[in-house]
Amino acid sequence: MGNIIAIVNQKGGVGKTTTAVNLTAALHAKGARVLLVDFDPQANATSGLGVTRRAKYSSYDVVINGVLPQQAIVHTEWGDVLPSSASLVGASVELAGIERREYVLKSALEPLADQYDYIFIDCPPSLELLTLNALCACRQIMIPVQCEYYALEGLSDLMSTMRAVKRRLNPELSIFGVLLTMFDSRTNFSTQVAQEVRKHFPGKVYAAVIPRNVRLAEAPSYGEPVITFDKHSKGTKAYLAVAEEIINRN
């Protein structure tokens, strides 16, 4: 059965969607069966894997309108995508009136688990009902942490939320891994932040780090992951290294 992993950090701009897109592509390139569920109304992961926002169905239709996820999944050369749409903005309000509202996404994804080795959920940058659905649907979470000032800001809130969800709603929840992003080898500060994160999450931080890399920033505008946009870039090498670590760990 495939592992369902929510990529989550309520702090914006930490490389969450970049990680979702490029890990999906990197693991797919290594032969894994991967599904990326875009559960962020901004739909950046959707466009980042070349899926038009005019896809027939989206994750909104799956959780609100009862569309089967198999009908909404789009197959790409970099892995499968359950796309998002702007309609997801209002989903939290609509979910509020649904019985067992925290488990709607879980119910939708469970039948897919045997079809994939990894199912990644790209969460919105907030701790609200959409993210809570993702935390109840997954078994583990991956936390991207930028190697910059305030990197650990908000992580205590995320850990508190995770503990509460584990205690009340999803006892299987655990940390899949912590990924250091936007690492700048030219500064001592990035190294100091990395050391601090490793101290807070012993044994959970990947050895490979994601560097600051202009090609990573450019690739989404072309609708493709960095591993095909520039296969020789530092970003490509970093995400392929993380994918290798994930495969070896599992």
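The structure we're discussing is the one just above.
This structure is a prediction, so every number in the text was calculated from the model and none was measured. (Residues numbered from 1 in each chain as written. Predicted model: local features only at pLDDT ≥ 70, side-chain atom pairs only at ≥ 80, totals over all residues. Heavy atoms only, no water.)

(A) Quick look at the packing of aromatic side chains. One pass over the structure, following the stated rule, counts 2 aromatic pairs. Aromatic side chains Y118 and F120 sit 6.2 Å apart centroid to centroid with 5° between the ring planes, which places their arrangement in the stacked category. For F120, a relative accessible area of 0% gives the class buried. A ring pair is formed by Y222 and F229, whose centres lie 4.9 Å apart and whose planes are at 35°; its orientation type is tilted. The class for Y222 is exposed, based on a relative accessible area of 57%. For R100, the ring lying beneath its charged end belongs to Y103, and the centroid distance is 4.4 Å. (Phe/Tyr/Trp six-rings, centres within 6.5 Å; stacked < 30°, edge-to-face > 60°. Buried < 20%, exposed > 50% of the residue type's maximum accessible area, 1.4 Å probe, protein only. Lys NZ or Arg CZ within 6 Å of the ring centre and 35° of its normal.)

(B) Spotlight on the pattern of salt bridges. A complete count under the given rule lists 10 salt bridges for this structure. Of the charged contacts in the structure, one is a salt bridge between K16 and D40, with a shortest N-O distance of 3.8 Å. With K16 in helix α1 (residues 16-29) and D40 in the loop between β2 (34-38) and α2 (44-48), this pair connects stretches of sequence that are 24 residues apart. Among the residues examined, K16 registers a relative accessible area of 6% and is labelled buried. Given the relative accessible area of 4%, D40 is considered buried. Salt-bridge contacts for D230 lead to R215; the nearest nitrogen and oxygen are separated by 2.9 Å. Placement of D230 in the loop between α11 (226-229) and α12 (234-249) and of R215 in helix α10 (residues 214-218) is noted, with a sequence separation of 15 residues between them. Taking relative accessible area as the criterion, R215 reaches 27% and is therefore assigned partly exposed. Ionic contacts of the salt-bridge type, sharing partners, join the residues K16, D40 and D122 into one network. (Salt bridge = Lys/Arg side-chain N within 4 Å of Asp/Glu carboxyl O. Helix = DSSP H or I, 4+ residues; strand = E, 2+ residues; numbered from the N terminus.)

(C) Molecular detail of the sheet that holds strand β3 (residues 74-76). Within the open sheet, the 7 strands sit side by side as β3-β4-β2-β5-β1-β6-β7. Their pairing is mixed. The open sheet terminates on both sides in strands that have one partner only, identified here as β3 and β7 (174-181). Strand-to-strand twist across the sheet, computed as the mean angle between neighbouring axes with direction ignored, equals 25°. Note: strand β1 (residues 3-7) against strand β5 (residues 118-122), 5 bridges, orientation parallel. Within β5, the position partnered with N3 by the bridge is Y118. Each of β6 (140-146) and β7 is contacted by helix α9 (residues 188-200), which is oriented at about 175° to β7, the strand it contacts most. (Pairing = 2+ DSSP bridges. Axes fitted to C-alpha atoms, helices over the stretch in contact; angles between N-to-C directions. Contact = heavy atoms within 4.5 Å.)

(D) Inspection of the layout of surface pockets at higher detail. Approximately 540 Å³ is the volume attributed to the largest pocket. Of all the elements in the fold, those that place two or more residues in the lining of the largest pocket are α1, α2 and α10. Per-element tally for the lining of the largest pocket: the top contributor is α1, with 6 residues. When its residues are assigned to classes, the lining of the largest pocket shows 14 nonpolar, 14 polar and 5 charged. (1 Å grid on protein atoms, 1.4 Å probe; cavity = no way out; pocket = protein on both sides within 12 Å on 5 of 7 lines; lining within 4 Å. Points joined across faces, edges and corners; volume = space filled by probe spheres on them. Nonpolar A, V, L, I, M, F, W, Y, C, P; charged D, E, K, R; others polar.)

(E) Representation of the nonpolar core in the model. Residues L109, I121, I141 and I143 are the most contacted members of the largest nonpolar core, which totals 52 residues. It is helix α7 (residues 129-137) that provides the largest number of residues to this core, a total of 6 residues. Those residues in contact with I143 that lie beyond four places of it in its chain are V8, N9, L155, L158, M159, I175, G177, V178 and L179. L23, Y206, I227 and V242 belong to the second-largest nonpolar core, a separate cluster that totals 34 residues. (Core = buried A, V, L, I, M, F, W, Y, C linked by side-chain atoms within 4.5 Å.)

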